[in-house]
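Here is what each chain is made of, one letter per residue.
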Amino acid sequence: MRLTDDERAMLDGAEGEAVAAAMDLLVRYGEVLGAERLVDTDNVCGANLFGSRHSLVCGSPTPDAAFSEHSLDAPTVLTIPPVKAQSYQLIGPMDTEHWQVQGLPQAEHDEIMASERYNAEHGIHLLNTCTPYQVGNVPLKGEHCAWMESSAVVYVNSVLGARTNVEGRESTGAAMLTGKIPYWGLHLDGNRHGTHLVEVGVPVTSNRDWGLLGYWIGEQVPEEAIPVVDGITATPDLVRLKHFGAAAASSGGVEMYHVPGITAEARTVEEALAGRAPQVRLRYGAAERQEAYEHLNATATDTDVDLVMIGCPHATLGQIRDVVRLLEGRRVHDGTELWVFTPRALRHVAEQNGYAQALADAGALLMSDTCPAIGQFLPNGTRVVATDSAKQVHYLPAIMGVQGLFGTLAECVDAAVTGTWRGDAP
Ligand code: F3S
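From a predicted model like this one, the values you see are computed outputs, not experimental measurements.

Visitor: Explain the packing of helix α8 (residues 207-220) against helix α9 (residues 238-251) residue by residue, including any values.
Guide: Relative orientation of the contacting elements α8 and α9 amounts to 25°, with a least axis distance of 7 Å. Classified by the interaxial angle, the pair formed by α8 and α9 is roughly parallel. Crossing geometry of α8 relative to α9 is assigned as right-handed. Residues Asn207, Trp210, Gly211, Leu213, Gly214, Tyr215, Ile217, Gly218 and Glu219 of α8 form the contact with α9, whose participating residues are Val239, Arg240, Leu241, His243, Phe244, Ala247, Ala248 and Ser251. Looking at side-chain class alone, the contact of α8 with α9 contains nine nonpolar, six polar and two charged residues.

Visitor: Outline α8, supporting the account with residue identities and numerical values.
Guide: Taking 1.5 Å per residue, 14 residues should reach 20 Å; α8 reaches 20 Å between its end C-alpha atoms and fits that length. Among the 14 residues of α8, eleven are classified as buried, and the element is accordingly described as predominantly covered. The complete set of buried residues in α8 reads Arg208, Asp209, Trp210, Gly211, Leu212, Leu213, Gly214, Tyr215, Trp216, Ile217 and Gly218.

Visitor: Tell me about unusual backbone geometry, residues and numbers included.
Guide: Of the consecutive residues cysteine 312 and proline 313, the connecting peptide bond is found in the cis state with omega at -15°. Here proline 313 is to be found in the loop between β10 (307-310) and α12 (317-327). We note that glutamate 149 has phi near 80°; this positive angle belongs to a residue other than glycine. Residue placement: glutamate 149 occurs in the loop between β5 (146-147) and α6 (150-160). Positive phi, close to 75°, is recorded for aspartate 369, a residue that is not glycine. Overall, the relative accessible area of 0% leaves aspartate 369 in the buried class.

Visitor: For the nonpolar core, give the residues involved together with the corresponding values.
Guide: In this structure, Trp147, Val200, Leu213, Ile217, Val229, Ile232 and Tyr284 are the most contacted members of the largest nonpolar core, which totals 49 residues. If you list the elements that add at least two residues to this core, you get α6, β7 (196-200), α8, α9, β9 (280-284), α11 (286-296) and α16 (390-400). Considering every element that reaches this core, the biggest residue donor is α6, with seven residues. Once residues lying within four places of it in the same chain are set aside, the contact partners of isoleucine 217 are Val198, Pro227, Val229 and Phe244.

About the cut-offs
Residues numbered from 1 in each chain as written. Predicted model: local features only at pLDDT ≥ 70, side-chain atom pairs only at ≥ 80, totals over all residues. Heavy atoms only, no water. Axes fitted to C-alpha atoms, helices over the stretch in contact; angles between N-to-C directions. Helix = DSSP H or I, 4+ residues; strand = E, 2+ residues; numbered from the N terminus. Parallel < 35°, antiparallel > 145°, perpendicular 65-115°, else oblique. Left-handed = near helix turned anticlockwise from the far one by under 90°. Contact = heavy atoms within 4.5 Å. Nonpolar A, V, L, I, M, F, W, Y, C, P; charged D, E, K, R; others polar. Expected span 1.5 Å × (residues − 1). Buried < 20%, exposed > 50% of the residue type's maximum accessible area, 1.4 Å probe, protein only. Core = buried A, V, L, I, M, F, W, Y, C linked by side-chain atoms within 4.5 Å.

And the structure:
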């Protein structure tokens, strides 16, 4: 790999041993990937909140030890300097306000809070969400980023036209300290063109429609594919593309897609495909939509719902408002929980707007910073979870051994107030 003078100096220790270890990691990682060089980045989203599970692994309770081991894969404990690149904490394991609802012990809470203070002291911005693009980190078209979190990566590549591969905790940790990331994959112009053409023959308008389409596409295409979605007749919004990308990145490994005329890098199908013929043509109609719906609901045999989860990826203010409106004059059923997840910053706005109180008055709970799949928590005794998120219903049965039900927001809120799933296929 070719290194610039400043990169070589970092590797040789001019900025200390932690930066040298970070640069060493990036060089080894880049060489394995076949990258010829690094690229500057000033936009890094990683995950560096550590609790007791991580401290036990690294055998030392200090935050420097946890960062060295888990964020830099270093064999020794390094003194970690403030970050060089603009850096952001993604979603983490704990809601700092509702950690007791999660069932976390005090010691775990204290450890994660200490880790959070450490991140802040090192200059990592505490967005604590899987949707940084909702709360101030909106990269520009062409901006080179280093982001973890598949649903966020597919959003910024496709909708915003920023550039990132799906990075890991170690590569983002190293990028935070150096402001560099290997220049490969989706950083390169030639790797951002469409490969698979999806011809959509049914209306795709609602959040559920977009989740189903994304889930089906993710199941059909290989990891390196860039789908081009043709036949969309109604312009989607942030929420619909958030659901679409998250679904495609969970049933498969989609990191980028084009919806010509809507997403950032293609006005037409021809432009999306760079004038080439698609490698594969796929057709999405009513039968394919039904297939996706059945896959998403395949784990459910019961209709008694214990938990309704909204906010995967983290809910917008509009989604929170919609839940509040659907709950108006109704209360969450005894024995059922309704949890809504949003970024920390939006929770504060939702509090000011009265949404958090309205949810609480109806027996629901507004949470932030985490989610059941990442934090691995559910209400005690939960057997059946309903959600409007294809991603959450894909992961929760596998991670937590529960049954999952997928449907519209209205069906989910109905399940929360009746305790019973009455959702229908589209
Ligand atoms: Fe975010 Fe958790 Fe879903 S990380 S995308 S709310 S699984």
